[in-house]
Amino acid sequence: MAMIAMIVGIFGGLMRLGISTPTVFSSQVGNHGAFMLSAFFGTVICLERAVALNKPWVYLAPLLSGLGGLAMILQSPIEWPSALFTCSGIILCIASFKIYLQQRVLYTLTLFIGALCWMSGNTLWLLTEYHLLAIPYGIGFLVLTIAGERLELTRFLPPKPKANKIFAFLLSVTLIGIVTSSMRTDAGSVFMGAGLTGLALWLIQFDIARTTIRKSGLTRFVATCLLLGYGWLFIGGLLFMNKALEPGALFRDAALHAILLGFVMSMVIGHAPIIFPAVMRVKIPYSSAFYLPLVTLHVSICLRITGGFLDNVPLRVIGAEGNAIAILLFVAVILYQVKSGYGKA
Amino acid sequence: MNDNLMDELWSCLCNVIDPEAGINVVELGLIYKITVTKYDVHILMTMTSAACPMGDLLINDIEQAISQALPDVTTVNVELTFNPLWDPSMMSETARKHFGW
């Protein structure tokens with residue numbers, strides 16, 4: 001379901017840029033943001049949580065958000081998708097809160113706050129029938145979930161109590177920004193941007209990726225995805241500090257895609273050989289071919305964002321096409337690897 | 001006989017790498033206990049956190065590593081526990097050194 005969401009969302013995005021695509025995707029032009037953020041990334045992250053918790057009822061979270069995506073494709077009554085996404089958020093909140101009760105530490109709290117963002121954003125969308133307000137919450141959900149997981153892994157390193165305090169501070173700044181954005185987009189954007197920029201620097205400084213990049217194979221690949229992603233999170237954060245969240249802002253496209261493609265998608269690519277086997281019950285052996293979509297993704301984001309800076313539409317379009325090609329390449333590499341995994345078994 | 005098998009099992013698990021850390025599951029302290037009854041093997045292990053989605057992957061890798069190295073072992077049961085919770089002090093000296101402790 002997430003896969004269908006991704007493909008429909010990509011075509012909707014391309015169409016918005018005036019690139020000719022099959023007309024069947026035309027219904028998603030206006031919805032591209034809602035679709036990619038909630039139906040695709042939201043479902044993927046919910047699925048990842050469900051796999052971790054391995055309880056049947058938690059799988060309702062990705063199922064409901066997948067159905068939300070489906071409702072968008074089928075152009076159901078306007079409140080259906082947001083209602084389904086809200087229910088997904090409620091399930092995820094309960095699941096995350098249970099983990100927090102089991103282990104009352106900063107990273108489980110971060111995951112719970114991430115889930116709260118998911119639920120709140122979707123609720124706002126349901127109440128206002130306006131997805132724009134839910135975007136900062138969606139970003140919060142994705143970034144905080146990833147940052148929380150990375151914080152957990154820093155436990156492999158010698159403890160740095162100060163680092164945890166800085167993390168908590170940056171988390172608060174980001175949250176203040178997200179909540180403020182519902183009332184004042186400009187001020188919210190500045191705070192959220194500052195928080196995200198800080199979190200990027202924190203991750204670059206304290207994540208195990210700087211140690212694990214010296215390893216080989218899959219471990220090095222994951223570390224490469226992470227470090228490249230942190231770079232984009234930093235840039236996206238800076239752009240949001242420049243009020244890029246405001247509708248019609250010049251750098252809005254650049255900021256959103258730096259974070260959602262540069263950071264979140266990079267993370268999805270890096271962890272696909274780890275998470276997808278558990279989700280799809282198939283083996284995905286790692287191969288260096290995974291670098292192909294990764295490099296394509298990052299080069300095309302560079303083009304797209306440079307195009308945004310120079311206000312050069314053709315460059316932005318080439319970048320966006322490259323983004324789509326990168327994601328399709330990623331799907332192709334996964335399918336190829338699944339096949340070769342079966343060959344060996 | 002059992003002692004031998006036990007050694008072989010431990011060294012087998014040393015080949016199962018946690019892809020995120022780049023270090024094997026034994027050095028990371030994720031393996032709590034191995035019990036052998038006749039030709040059945042029971043492994044009690046943990047993850048660094050209950051929110052970690054890597055469990056299935058590692059369990060599969062462990063089962064595969066054992067069935068390849070020790071074809072006589074007919075049944076491998078890997079049980080995931082979070083009691084006690086994993087703690088960095090469970091890492092081996094080698095792993096700790098690797099991460100700069």
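Values in this document were obtained by computation on a predicted structure and should not be read as measured data.

S.K.: Where do I start with the overall build of chain A in this structure?
M.R.: Helix and strand counts for chain A come out as 13 helices and zero strands. Reading the secondary structure of chain A in the N-to-C direction produces α-α-α-α-α-α-α-α-α-α-α-α-α. When each of the 345 residues of chain A is scored for burial, the buried share is 57%. Contacts in chain A between residues at least 24 apart in sequence constitute 71% of all its contacts with a sequence separation of at least 6. Entry remark: accessible area of chain A is about 13700 Å², with carbon and sulfur atoms responsible for 69%.

S.K.: Sorry if this is basic, but what is going on with unusual backbone geometry here?
M.R.: Generally, phi is negative for residues other than glycine and the peptide bonds are trans, each holding for most cases. Residue P84 of chain B is bonded to the preceding N83 of chain B through a cis peptide linkage, with omega at 0 degrees. Inspection of the secondary structure puts P84 of chain B in the loop between strand 5 (75-80) and helix 3 (93-98). Of note in the backbone geometry, K243 of chain A takes a positive phi value of approximately 65 degrees without being a glycine. The phi dihedral of D311 of chain A falls on the positive side, at around 55 degrees, and the residue is not glycine.

S.K.: How should I be thinking about the packing of helix 6 (residues 135-153) of chain A against helix 7 (residues 161-181) of chain A in this particular structure?
M.R.: For any two helices packed against each other, one specifies the inter-axial angle together with the distance between the axes. All names here are of chain A. Contact pair helix 6 / helix 7: the axes reach a minimum separation of 10 Å and the direction vectors enclose 170 degrees. One way to sum up the angle between helix 6 and helix 7 is to call them roughly antiparallel. Across from P136, Y137, G140, L144, A147, G148 and L151 in helix 6, the residues of helix 7 making contact are N164, F167, L171, I178, V179 and S181. When its residues are assigned to classes, the contact of helix 6 with helix 7 shows nine nonpolar, four polar and no charged.

S.K.: Whenever I open this one, the packing of aromatic side chains confuses me. Can you help?
M.R.: We describe a pair of aromatic rings using the distance from one ring centre to the other and the angle between the two ring planes. Within the structure shown, the criterion is met by 16 aromatic pairs over all chains. Summarising the aromatic geometry, the rings of F221 of chain A and F290 of chain A are spaced 5.9 Å apart at their centres and angled 45 degrees between planes, so their arrangement reads as tilted. Taken as a pair, F221 of chain A in helix 10 (residues 217-241) and F290 of chain A in the loop between helix 11 (252-280) and helix 12 (291-309) lie far apart in primary sequence, 69 residues in all. One exposure class covers both F221 of chain A and F290 of chain A, and it is buried. Here the aromatic cluster, defined as three or more aromatic residues joined through ring pairs, consists of F85, W118, W125 and F141 of chain A. Sitting above the plane of the W101 of chain B ring, R96 of chain B keeps its charged end 4.3 Å from the centroid.

S.K.: Please explain the sheet that holds strand 4 (residues 40-45) of chain B as it appears in this structure.
M.R.: The pairing of strands in a sheet comes from backbone hydrogen bonds and takes either a parallel or an antiparallel form. Residue and element names in this part refer to chain B. Spatial ordering of the open sheet is given by 3-4-5, a layout of three strands whose pairing is mixed. Because the sheet does not close on itself, it has two edges, and the strands there are strand 3 (31-37) and strand 5. Direction aside, the axes of adjacent strands within the sheet are offset by 15 degrees on average. Relative to strand 5, strand 4 runs parallel, the two sharing six bridges. Across the sheet, M45 pairs through a bridge with L80, a residue of strand 5. Contacts between helix 1 (residues 2-13) and the sheet are confined to strand 3 and strand 4, with strand 3 contributing the most and set at about 140 degrees to the helix. Along the sheet, helix 2 (residues 55-69) contacts strand 3, strand 4 and strand 5; its crossing angle with strand 5, the most-contacted strand, is approximately 155 degrees.

S.K.: In this structure, what is going on with the interface of chain B and chain A? I would like to understand it.
M.R.: Think of interface size as the accessible area that goes away when the parts come together; that is how it is often given. Every contact between the two is made by 27 residues of chain B and, on the other side, 34 residues of chain A. For the pair chain B and chain A, the two sides together bury roughly 2500 Å², of which 62% comes from carbon and sulfur. Put simply, chain B and chain A have one salt bridge between them. Between R150 of chain A and E20 of chain B there is a salt bridge whose closest N-O contact spans 2.8 Å.

S.K.: For this particular structure, what's the right way to read the pairing of strand 3 of chain B?
M.R.: Every other side chain in a regular strand lies on the same face of the sheet, so the side chains alternate between the two faces. Residues and elements named next belong to chain B. Bridge count between strand 3 and strand 4: six bridges; the pairing is antiparallel. Its bridge partner lying in strand 4, I31 is registered against M45. In sequence, strand 3 turns back onto strand 4 through a hairpin of two residues, with K38 there showing a positive phi of about 50 degrees.

S.K.: Looking at this structure, how should I read the pattern of salt bridges?
M.R.: A side chain with one charge can pair with a side chain of the opposite charge if their charged atoms come near. Residues and elements named next belong to chain A. If you walk through the whole model with that rule in mind, you get eight salt bridges over all chains. Of the charged contacts in the structure, one is a salt bridge between R49 and E149, with a shortest N-O distance of 2.5 Å. With R49 in helix 2 (residues 32-53) and E149 in helix 6, this pair connects stretches of sequence that are 100 residues apart. Exposure class is identical for R49 and E149. Each is buried. Among the salt bridges present, the one from R155 reaches E152, with a minimum N-O distance of 3.2 Å. Take E152: its relative accessible area is 6%, and that puts it in the buried class. One salt-bridge network, in which partners are shared between bridges, spans E48, R49 and E149.

S.K.: Which parts of the structure should I look at to understand helix 6 of chain A?
M.R.: Helical periodicity: at 3.6 residues per turn, an α-helix aligns residues three or four positions apart in one direction. Counted at 1.5 Å a residue, the expected span for helix 6 of chain A with its 19 residues is 27 Å, and the 27 Å between its end C-alpha atoms agrees. With 19 of 19 residues buried, helix 6 of chain A is to be regarded as a mostly interior element.

S.K.: Explanation requested: helix 7 of chain A in the structure shown.
M.R.: All names here are of chain A. Taking 1.5 Å of rise per residue, 21 residues should cover 30 Å, and helix 7 covers 31 Å from first to last C-alpha, within 8% of that figure. Of the positions making up helix 7, those classed as buried are A163, F167, L170, L171, V173, T174, G177, I178 and S181. One side of helix 7 carries all its buried residues, which in axial view fall inside an arc of 165 degrees. Along helix 7, the residues that are exposed and aim more than 90 degrees away from the buried face are P161, K162, K165 and F169. If you follow the buried residues of helix 7, they end up packed against helix 5 (106-128), helix 6 and helix 8 (185-206).

S.K.: Before we go on, may I ask you to explain the packing of helix 2 of chain A against helix 5 of chain A in this structure?
M.R.: Residues and elements named next belong to chain A. Look at helix 2 against helix 5: their axes get within 13 Å of each other, and the N-to-C directions meet at 145 degrees. For helix 2 against helix 5, the interelement crossing comes out left-handed. Across the interface between the two elements, A34, S38, G42, C46 and R49 of helix 2 pack against L111, W118, N122 and W125 of helix 5. Each residue belonging to the contact of helix 2 with helix 5 can be placed in one class, and the counts come to five nonpolar, three polar and one charged.

Cut-offs applied
- Residues numbered from 1 in each chain as written.
- Chains lettered and ligands numbered in written order.
- Predicted model: local features only at pLDDT ≥ 70, side-chain atom pairs only at ≥ 80, totals over all residues.
- Heavy atoms only, no water.
- Helix = DSSP H or I, 4+ residues; strand = E, 2+ residues; numbered from the N terminus.
- Buried < 20%, exposed > 50% of the residue type's maximum accessible area, 1.4 Å probe, protein only.
- Contact = heavy atoms within 4.5 Å.
- Areas by Shrake-Rupley, 256 points an atom, 1.4 Å probe, with all protein chains shown as cover.
- Axes fitted to C-alpha atoms, helices over the stretch in contact; angles between N-to-C directions.
- Parallel < 35°, antiparallel > 145°, perpendicular 65-115°, else oblique.
- Nonpolar A, V, L, I, M, F, W, Y, C, P; charged D, E, K, R; others polar.
- Phe/Tyr/Trp six-rings, centres within 6.5 Å; stacked < 30°, edge-to-face > 60°.
- Lys NZ or Arg CZ within 6 Å of the ring centre and 35° of its normal.
- Pairing = 2+ DSSP bridges.
- Buried area = accessible area lost by both parts, 1.4 Å probe.
- Salt bridge = Lys/Arg side-chain N within 4 Å of Asp/Glu carboxyl O.
- Expected span 1.5 Å × (residues − 1).
- Arc of directions from axis to C-beta.
- Left-handed = near helix turned anticlockwise from the far one by under 90°.

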